[in-house]
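# A structural walkthrough
The residues making up each chain are set out below.
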Amino acid sequence: MFTIGDFARHGRVSARMLRHYDAVGLLRPEHTDPFSGYRYYSAAQLATLNRVIALKDLGFTLQQVRQILDEKVTTEELRGMLKLREAELREAMAAAAARLAQVEARLRSIESEGRMPMQDVMIKSTPAVRVAELSAVAASYAPEHIGPVISPLYDELFTRLKAAGVTPAGPGIAYYEDAPDGDGIVVHAGCSVSAETQPGPDFEITELPAVERAATIVHRGPMDTIMPTEQNLARWIDAGGHRSAGYAREVYLECPPDKEKWVTELQVPLAPAAR
């Protein structure tokens, strides 16, 4: 038998918490001395304590925990509940990390205002290119909406191309357009393929037209930090008296496993110069 202090240390909880669990009838001591009132616990009660803490971490109230314990939840059932909660927490952490990355990107945009080296931008023509692609609709053009859509598209595209025996002939190319109903952005995740490649049953083939004049800039790093680069390009376009004629194409020149080493070219089509 353990004193309440010893049992608390073995269970990695506070003695105050154990007293509260006793008061609400959730975890009674194995024995309470009738004269001193001292509480004593057995090692077997650690299993119950572990379940109480695990269920609390799942978000259940103490009343709900008591009901679950009364129903004799098995170890396998509890493990399944914990696995589900683990997945939810990982998803929440990923979402929080993505939001933090966007906050940092906005901050870098603010800090870099007016400090863009003009030589980083080039105007050039881009040739027509044949791409295999998959597409889906994102809620908006904001990075936090584009990222969760385009990444799975590319994973699926490369899986389908491999199954069809199609080898990419060049870099990945993403392009965007307004959804036909005006609600959202159509995301096209494409990859350059040879002229002989034909449409497959589960991917499209598109001929992207040549662009006579595009303002281009190279971004280095992950795509969730692209905003400062993109806005620098927008300021360059405006400062030069140009007008953009659509969404930027993203050409993924280098995409190693370490996203910090990614190299992406942004290509913004420019409207014809005024005569």
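Scroll up a little and you will see the structure.
All of these numbers come straight from a predicted model, not from anything done at the bench.

How each quantity is defined
Residues numbered from 1 in each chain as written. Predicted model: local features only at pLDDT ≥ 70, side-chain atom pairs only at ≥ 80, totals over all residues. Heavy atoms only, no water. Phe/Tyr/Trp six-rings, centres within 6.5 Å; stacked < 30°, edge-to-face > 60°. Helix = DSSP H or I, 4+ residues; strand = E, 2+ residues; numbered from the N terminus. Buried < 20%, exposed > 50% of the residue type's maximum accessible area, 1.4 Å probe, protein only. Pairing = 2+ DSSP bridges. Axes fitted to C-alpha atoms, helices over the stretch in contact; angles between N-to-C directions. Parallel < 35°, antiparallel > 145°, perpendicular 65-115°, else oblique. Left-handed = near helix turned anticlockwise from the far one by under 90°. Contact = heavy atoms within 4.5 Å. Nonpolar A, V, L, I, M, F, W, Y, C, P; charged D, E, K, R; others polar.

Tallied over the full model, the rule gives five aromatic pairs. Between Tyr154 and Tyr252, the ring centres sit 5.7 Å apart and the planes meet at 85 degrees, which makes this aromatic pair edge-to-face. Of this pair, Tyr154 sits in helix 6 (residues 143-163) while Tyr252 sits in strand 10 (residues 249-254), and the two are 98 residues apart along the sequence. A relative accessible area of 10% places Tyr252 in the buried class.

We now examine the sheet that holds strand 2 (residues 31-32). Pairing within the open sheet is antiparallel, and its three strands lie in the order 1-3-2. Two strands bound the open sheet, and with one partner strand each, they are strand 1 (2-3) and strand 2. Relative to strand 3 (residues 39-41), strand 2 runs antiparallel, the two sharing two bridges. Bridging from a neighbouring strand, His31 pairs with Tyr40 of strand 3.

Let's shift gears to the packing of helix 3 (residues 45-57) against helix 4 (residues 62-70). Interaxial distance between helix 3 and helix 4 falls to 10 Å at its minimum, and their mutual angle equals 130 degrees. One finds that helix 3 runs oblique with respect to helix 4. With respect to the hand of their crossing, helix 3 and helix 4 are arranged in right-handed fashion. For the pair helix 3 and helix 4, the contacting residues are Thr48, Arg51, Val52, Leu55 and Lys56 in the first and Leu62, Val65, Ile68 and Leu69 in the second. Taken together, the residues of the contact of helix 3 with helix 4 break down into six nonpolar, one polar and two charged.

A word on the sheet that holds strand 7 (residues 185-192). Strand order in the open sheet made by the eight strands is 4-9-11-10-6-7-5-8, with antiparallel pairing throughout. Each edge of the open sheet carries a strand with a single partner, namely strand 4 (122-126) and strand 8 (204-208). For this sheet, the mean inter-axis angle between neighbouring strands, taken without regard to orientation, is 35 degrees. Note that strand 5 (residues 129-138) and strand 7 share eight bridges and pair antiparallel. Residue pairing for strand 7: Ala136 is matched across the bridge by Val187. Running over the sheet, helix 6 touches strand 5, strand 6 (172-178), strand 7 and strand 10 and is turned about 135 degrees from strand 5. Its contacts with the sheet place helix 7 (residues 227-239) against strand 4, strand 9 (211-220) and strand 11 (263-269), and it is angled at close to 140 degrees to strand 9.

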